[in-house]
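# Topology and contacts: notes
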Amino acid sequence: MTLNLFFITATALFIIAVLKQLLETNAFLNRLRDHHPSRYEAMGRPRWNIQFGDPRFREAVKYIRAHKFADLDDPELERIYKAIKRADRVAIASAVVAILITLIEVMRTAG
């Protein structure tokens, strides 16, 4: 019973962290568009969308994660970047916890 609660919590945290990543990435791109239009244009005007075939969003995520915007000296972009990094860490940690709990349950039932 306790492991089920931990699994549900870890799964919920994972979902929340992924949503946070998406929202913060969208906020980052909006900030870039509104305050650094030449950089935004040079990147091909990336937007968050569900079209996985559009490489602009994927390239924008790489740009953010590589911290290539540091030369813009924009504290708000830096704050958003840190929020994305925190969400990344929470998503990874919660996924690891959920997987570990699943493995423990499998070993319990197999043994």
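Everything discussed here concerns the structure shown above.
Here is a short report on the structure shown in this document. Predicted model only: the values in this text are computed from it and were never measured.

### Structural notes on the side chain of E24
As for its placement among the helices and strands, E24 is situated in helix α1 (residues 2-35). Overall, E24 belongs to the buried group, its relative accessible area being 9%. Not counting chain neighbours up to four residues away, the residues in contact with E24 comprise R79, I80, A83 and I84.

### Some thoughts on the packing of α1 against helix α3 (residues 55-65)
Helix-helix packing is characterised by the crossing angle of the two axes and by the distance between the axes. α3 packs onto α1 with a crossing angle of 90° between their chain directions and a minimal axis gap of 11 Å. Classified by the angle between their axes, α1 and α3 sit roughly perpendicular to one another. Residues Q21, T25, F28, L29 and L32 of α1 pack against F57, A60, V61, Y63, I64 and R65 of α3.

### Some details on unusual backbone geometry
Not every positive phi belongs to a glycine, and H67 is a case in point at roughly 60°. When you line up the elements, H67 lands in the loop between α3 and α4 (75-110). On the basis of relative accessibility, which here comes to 26%, the residue H67 falls in the partly exposed class. Although it is not a glycine, D73 adopts a positive phi angle of roughly 50°. Checked against the element boundaries, D73 lands in the loop between α3 and α4.

So, how was this worked out
Residues numbered from 1 in each chain as written. Predicted model: local features only at pLDDT ≥ 70, side-chain atom pairs only at ≥ 80, totals over all residues. Heavy atoms only, no water. Helix = DSSP H or I, 4+ residues; strand = E, 2+ residues; numbered from the N terminus. Buried < 20%, exposed > 50% of the residue type's maximum accessible area, 1.4 Å probe, protein only. Contact = heavy atoms within 4.5 Å. Axes fitted to C-alpha atoms, helices over the stretch in contact; angles between N-to-C directions. Parallel < 35°, antiparallel > 145°, perpendicular 65-115°, else oblique.

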